[in-house]
Amino acid sequence: MLGKCITNVRNNVPLVHNITNYVTVNDVANVLLACGGSPIMSDEPDDVEDITTICGGLNINIGTLNKSSIEGMFLAGKKANELGHVVLLDPVGAGASALRTNTAVKLMDEIKFDVIRGNISEIKTLALGSGTTKGVDADVADAVTEESLDSAVAFVKELAAKTGSIIAITGAIDLVADSERCFVIRNGRPEMGKITGTGCQLSGMMTGFLVANPDNKLEAAAAAVCTMGLAGEIGWSRMQEGDGNSTYRNRIIDAIFNMDEETLDNGAKFEIK
Amino acid sequence: MLGKCITNVRNNVPLVHNITNYVTVNDVANVLLACGGSPIMSDEPDDVEDITTICGGLNINIGTLNKSSIEGMFLAGKKANELGHVVLLDPVGAGASALRTNTAVKLMDEIKFDVIRGNISEIKTLALGSGTTKGVDADVADAVTEESLDSAVAFVKELAAKTGSIIAITGAIDLVADSERCFVIRNGRPEMGKITGTGCQLSGMMTGFLVANPDNKLEAAAAAVCTMGLAGEIGWSRMQEGDGNSTYRNRIIDAIFNMDEETLDNGAKFEIK
Amino acid sequence: MLGKCITNVRNNVPLVHNITNYVTVNDVANVLLACGGSPIMSDEPDDVEDITTICGGLNINIGTLNKSSIEGMFLAGKKANELGHVVLLDPVGAGASALRTNTAVKLMDEIKFDVIRGNISEIKTLALGSGTTKGVDADVADAVTEESLDSAVAFVKELAAKTGSIIAITGAIDLVADSERCFVIRNGRPEMGKITGTGCQLSGMMTGFLVANPDNKLEAAAAAVCTMGLAGEIGWSRMQEGDGNSTYRNRIIDAIFNMDEETLDNGAKFEIK
């Protein structure tokens, strides 16, 4: 089921406009190419409307926001909404600063997002208007675990209903939900947390998956999460003695480059709740 | 003939000032180091004149332009012209937005470029004052092919004559021309299009090649194109089962690091028209 | 002795706020993760005070400074000082432009730095209020050599006394000193100079080392230098035929990822003068 989604990406070659942080931007571009999409980056307010117009989707990531790029986010998001494009929000560090929290909340007020993807802490911040974030990782105490799964699933469906967006919370267990159905995904490796930007990469890729699968956006979002997690497993299986997080980063992107429908269907580990 | 150009880079260690996009900037720096040059990056208007003064060449890439960096491009370009430094323009995304097209055209009006390097779509935009770009890759319909080669060669020579710049169009077949001679280059691999920034990397490296070969700028530009394409071939030959675009990126830069005069002379595939 | 410092980093997981250049920022983040820390990047003046408040240390790197990020550096630095956080200055390109020199000097006037880390040319610029820098590498003529070692040690201790900061000068021989003691470190490989950003990476990692070793800051700074140099040696020993500077970059970060107390204690090559 989910495997078909990546085939559609490879056939459709979705062009994705990314307003994303400068820390992980190169990896975001290479992951989009790896999965079959095509990236373009632009954050200048005078440039973003033209750029987003020629794209199929827009990925807004607030990881290294500044006054100018924030203005670009609003302009691009509104234009993309006008054109009916896919729009995704990655609220990096929401909860860690007032500017980040307020920007994410205001973006949600003024722009309609197809997906909001973050860690549990960031998503809770957006949901509750409060919360704390340690860097860009979820606090352990707030992690989605087998014990907290049912309440987390309820939370994510409720937020999806409230916002009208697909909500994707990534961590040891990933949740991807609309108001009715929640994909509970158990792909991935804990070592992925030792690489900067796997979340940012996922957001870029997920935008491409939605563009290429317009009639199955929830499945597309879940397929992107499974692709990233499975690539983390495949990449880890190829690690040699002496390899570390830098090589692991390369191997994950390589595994996405080589991912096909059959591999994804066989490797995806999910249930629907 | 062309091999000598890289030896000159290794002996001269040209310092290149790059005003370049934040997507591929790290690779641009590492490619410049790989070929024997030395990179420095600066886009702040209050900084660029001092920085370009201590360099031998200036590489202007408009890939993630903003109001401030655009101002930096004009200031740096004029200062580099004043000092007789090599100046290169990489008009990333010209044709994709009004800001990019207008900035590139205005840069060409106010600054004398030794080389303008882009894909066919970007170069046509600059030539015709119109055109469309899909992301940062050439539209297939506009590709330089064996069938369209003669007209493309005529076009590039004409543009070189009109602008007084060397024009380099890269794609499946690369063209590097002044008004009299056009190098038609057939190095490279189609898989290079699955890595972000091989064009940006080439622009940085090409600037270094021109600085180190001031009396043979056309040959130097062609040698840089052959070096990148040949590195793409060598890098591809070293790919292992399971490798993908991220590892390929590393292998290409590695191949440039190991490129020597003999390898380049033996591997360069070009004719002069 | 120094090995214990990295164990403390792995146990403490220091969160480090980086205001750093966009050229090498991804590697800085991955190196911080490799050594056991956690990175967060923010340069927007309206964001930096909140972000630095939740961190343990602040790494200020002026490599691609702009008017906005300079304002961010002062705001973050003052807030970090107020909170008693570790603050490090990496004066990239001081001496290469008036803006860089003046910004570094003004930062030193208004902010108390625990460490100032740069190459000999940058540090001399800060010490003397003059000097020249070729790109971001030390001029060979100004290198710390066995012949010039005694005078360099005296210089660095004097500057440490004058500024109240630990001074770290990295090059073929590395010096890390306070006013009393100077670690003279002979780890590393000359090929590390063919990778962009090993200095930036070291600055990020060193900040984390100081946060996790608050009672032994001089040892922590020296341990970070030994870790980077030793990783350069280990990474080089793993190079294969055909590998170059891009693969070497990955192998160095990998070696930091795998560095443990025993390896560091056995491999660290230093004397105290």
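Below or above, wherever it landed, is the structure these notes cover. What you see is a predicted model; the values in this text were computed from it and never measured.

Of the regular secondary structure elements, chain A holds 11 helices and nine strands. Expected size for 273 residues packed as a compact globule is a radius of gyration near 19 Å; at 17 Å, chain A falls within 12% of this value. In chain A, buried positions account for 66% of the 273 residues.

All names here are of chain A. Between helix H9 (residues 217–237) and helix H10 (residues 245–257), the least distance of the axes is 8 Å, while the angle of their chain directions is 120 degrees. Overall, the two elements H9 and H10 adopt an arrangement that is oblique. Pair H9 / H10 crosses with right-handed handedness. Residues Thr227, Ala231, Gly232, Ile234, Gly235 and Trp236 of H9 pack against Tyr248, Arg251, Ile252, Asp254, Ala255 and Ile256 of H10.

All names here are of chain C. Taking burial as the measure, the five residues of strand S3 (residues 57–61) include five buried ones, the bulk of the element. Side-chain alternation along S3 places Gly57, Asn59 and Asn61 on one buried face and Leu58 and Ile60 on a second face that is also buried. When strand S1 (residues 15–19) meets S3, the two strands line up parallel, connected through four bridges. Looking across to S3, one finds that histidine 17 is bridged to leucine 58. Between the parallel elements S3 and strand S4 (residues 86–90), the chain passes through helix H4 (residues 67–82) in a crossover that is right-handed.

All right, on to the relation of the copies chain C and chain A then. Both copies of the chain are tied together by a single rotation about an axis and a shift running along it. Superposing chain C onto chain A takes a rotation of 120 degrees combined with a translation of 0.0 Å along the rotation axis, leaving an RMSD of 0.0 Å. Between the two chains, the operation in question is that of a three-fold axis. Judged by C-alpha distance, Tyr22(C) is the residue of chain C that lies nearest the rotation axis, at 3.6 Å. Of the residues that chain C buries at the interface, just 11% are likewise interface residues in chain A, meaning the two copies contact each other through different surfaces.

A separate point is the interface of chain B and chain C. Between chain B and chain C, the contact holds 28 residues from the first and 28 residues from the second. When residues of the side of chain B that touches chain C are traced back to their parent elements, those giving at least two are helix H2 (25–35), strand S2 (38–41), helix H3 (45–53) and helix H10 (245–257) of chain B. The biggest single contributor to the side of chain B that touches chain C is H2(B), with six residues. Looking at the side of chain B that touches chain C residue by residue, the class counts come to 14 nonpolar, seven polar and seven charged.

Residue and element names in this part refer to chain A. In this fold, alanine 76 is placed in helix H4 (residues 67–82). Overall, alanine 76 belongs to the buried group, with 31 C-beta atoms counted inside 10 Å. As a C-alpha pair, alanine 76 and isoleucine 111 span 35 residues in sequence and 9.7 Å in three-dimensional space. Discounting chain neighbours no more than four positions away, the residues touching alanine 76 are His17, Ile19, Val48, Glu49, Thr52 and Leu58.

This part covers the sheet that holds strand S5 (residues 115–118) of chain B. Residue and element names in this part refer to chain B. Sheet architecture is open: nine strands sit in the order S2-S1-S3-S4-S5-S6-S7-S8-S9, paired in mixed fashion. With one partner strand each, in any of the chains shown, S2 and strand S9 (270–272) form the two edges of the open sheet. Neighbour-to-neighbour, the strand axes of the sheet open up by a mean angle of 20 degrees, direction not taken into account. By the bridge criterion, four bridges tie strand S1 (residues 15–19) to S2 in an arrangement that is parallel. Paired with valine 16 across the bridge in S2 is proline 39. Contacting S5, strand S6 (166–169), strand S7 (174–177) and strand S8 (182–185), helix H7 (residues 149–163) crosses the sheet at an angle of about 35 degrees to S7.

Okay, the nonpolar core next. Core analysis: the largest hydrophobic core is formed by 291 residues, its most contacted members being Ala221(A), Ala221(B) and Ala221(C). Excluding residues within four positions of it along the chain, Ala221(B) makes contact with Val115(B), Ile166(B), Ala168(B), Val176(B), Met206(B), Phe209(B) and Leu210(B).

In this section: the relation of the copies chain B and chain C. The two copies are related by a screw operation: chain B maps onto chain C through 120 degrees of rotation and 0.0 Å of translation along the axis, at an RMSD of 0.0 Å. The residues that chain B uses at the interface reappear at the interface of chain C in only 11% of cases, marking distinct surfaces.

All names here are of chain B. Running from amino to carboxyl end, helix H1 (residues 3–12) crosses helix H8 (residues 198–212) at an angle of 85 degrees, the nearest separation of the two axes being 8 Å. As far as their axial angle goes, H8 and H1 are roughly perpendicular. Side by side, H1 and H8 meet where Cys5, Asn8, Val9 and Asn12 of the first sit next to Gly208, Phe209, Val211 and Ala212 of the second. In the contact of H1 with H8, the residues fall into five nonpolar, three polar and no charged.

Taken together, the contact between chain C and chain A spans 28 residues of the former and 28 residues of the latter. At the level of elements, helix H2 (25–35), strand S2 (38–41), helix H3 (45–53) and helix H10 (245–257) of chain C are the ones that each hand at least two residues to the side of chain C that touches chain A. The leading source of residues in the side of chain C that touches chain A is H2(C), at six residues.

What follows is about helix H6 (residues 120–128) of chain A. Residues and elements named next belong to chain A. Counting buried positions along H6 gives seven out of nine residues, so the element sits mostly inside the fold. Burial in H6 covers these residues: Ile120, Ser121, Glu122, Ile123, Lys124, Thr125 and Leu126. Check the buried side of H6 and you find it contacts helix H5 (98–110), strand S5 (115–118) and strand S6 (166–169).

All names here are of chain C. With respect to topology, nine strands assemble into an open sheet ordered S2-S1-S3-S4-S5-S6-S7-S8-S9, the strand pairing being mixed. Each edge of the open sheet carries a strand with a single partner, namely S2 and strand S9 (270–272). Mean inter-strand twist for the sheet, computed between neighbouring axes without regard to direction, equals 20 degrees. The pairing of S3 with S4 spans five bridges and is parallel. Paired with asparagine 61 across the bridge in S4 is aspartate 90. Sheet contacts for H2: S1 and S2; angle to S2, the most-contacted strand, approximately 150 degrees. Sheet strands touched by helix H7 (residues 149–163): strand S5 (115–118), strand S6 (166–169), strand S7 (174–177) and strand S8 (182–185). Its angle to S7, the strand with the most contacts, is close to 35 degrees.

Conventions used here
Residues numbered from 1 in each chain as written. Chains lettered and ligands numbered in written order. Predicted model: local features only at pLDDT ≥ 70, side-chain atom pairs only at ≥ 80, totals over all residues. Helix = DSSP H or I, 4+ residues; strand = E, 2+ residues; numbered from the N terminus. Rg over C-alpha atoms; globule rule 2.2 N^0.38 Å. Buried ≥ 20, exposed ≤ 12 C-beta atoms within 10 Å, placed from the backbone. Axes fitted to C-alpha atoms, helices over the stretch in contact; angles between N-to-C directions. Parallel < 35°, antiparallel > 145°, perpendicular 65-115°, else oblique. Left-handed = near helix turned anticlockwise from the far one by under 90°. Contact = placed C-beta atoms within 7 Å. Pairing = 2+ DSSP bridges. Right-handed = clockwise from strand over helix to strand, strands pointing away. Least-squares fit on C-alpha atoms with pLDDT ≥ 70 in both. Nonpolar A, V, L, I, M, F, W, Y, C, P; charged D, E, K, R; others polar. Core = buried A, V, L, I, M, F, W, Y, C linked by C-beta atoms within 7 Å.

Any functional reading would require information that these geometric values do not contain.
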